[in-house]
Structures are given as C-alpha cells and as structure tokens.
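Remarks on the overall topology
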Amino acid sequence: MVSFMPLKEKRLMEVKIGELPRWRLMQDFTPKGYHRNYNKYFKVKKGGIAGVSMVLAAYVFFNYCCSYKELKHEQRRKYR
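In short, a report on the structure. (Residues numbered from 1 in each chain as written. Predicted model: local features only at pLDDT ≥ 70, side-chain atom pairs only at ≥ 80, totals over all residues. Heavy atoms only, no water.)

1. Some remarks on the environment of V15
- Inspection of the secondary structure puts V15 in the segment before α1 (20-25).
- In this view, V15 contacts K10, L20 and W23; residues no more than four positions away in its chain are not counted. (Helix = DSSP H or I, 4+ residues; strand = E, 2+ residues; numbered from the N terminus. Contact = heavy atoms within 4.5 Å.)

2. Quick notes on the packing of aromatic side chains
- The final tally for this structure, using the stated rule, is two aromatic pairs.
- Each ring, one from Y34 and one from Y38, has its centre 6.5 Å from the other, and the planes form 25°; the classification is stacked. One end of the pair is Y34 and the other is Y38, both in helix α2 (residues 31-41) and four residues apart, which spans about a single turn.
- Residue class for Y34 comes out exposed when judged on its relative accessible area of 53%. (Phe/Tyr/Trp six-rings, centres within 6.5 Å; stacked < 30°, edge-to-face > 60°. Buried < 20%, exposed > 50% of the residue type's maximum accessible area, 1.4 Å probe, protein only.)

So far we have only geometry, and geometry alone does not tell us how the molecule works.
Have a look at this one:
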C-alpha cells in the first residue's frame, strides 16, 4: 500500500529537484503560513550539547588564531 503525501505538505528535504519550483509556489506567504514554516524548520524542539560544543570550539579556535603571533614567540627554544 502506497501512502501519498500532497506536495504542499512535504518538507524541503523530501521534495525532489524537479518538484522544487512547484513546491515553492505552493507555499503560503501569509503571516499564518510564515509562522507555520518557522515552526516547521527553524524552531528548536530539542536542544543538545552539540550546538553548544560547536560554538565553544569555534570560540577557542578563533582566539587561538588571534593570539598565534604571541604564542609563537613564547615557544621554548634550545640555546646553542
């Protein structure tokens, strides 16, 4: 038994490339439709440690890149 889902109700990742223009034209551009799409795609339902850890890793990497010159000069070197 094949279940059929209307093109309008499909999520973006379920739409095939050929159906994309028709799917986009079927979207509701009213404020009610905007809130429905916002809740469907952007509102976070479950938060996790992954997002926080990526932000923390980016912060550490950015600070390392900014202070690389100072850290390079402070390396211990052997005296001859």
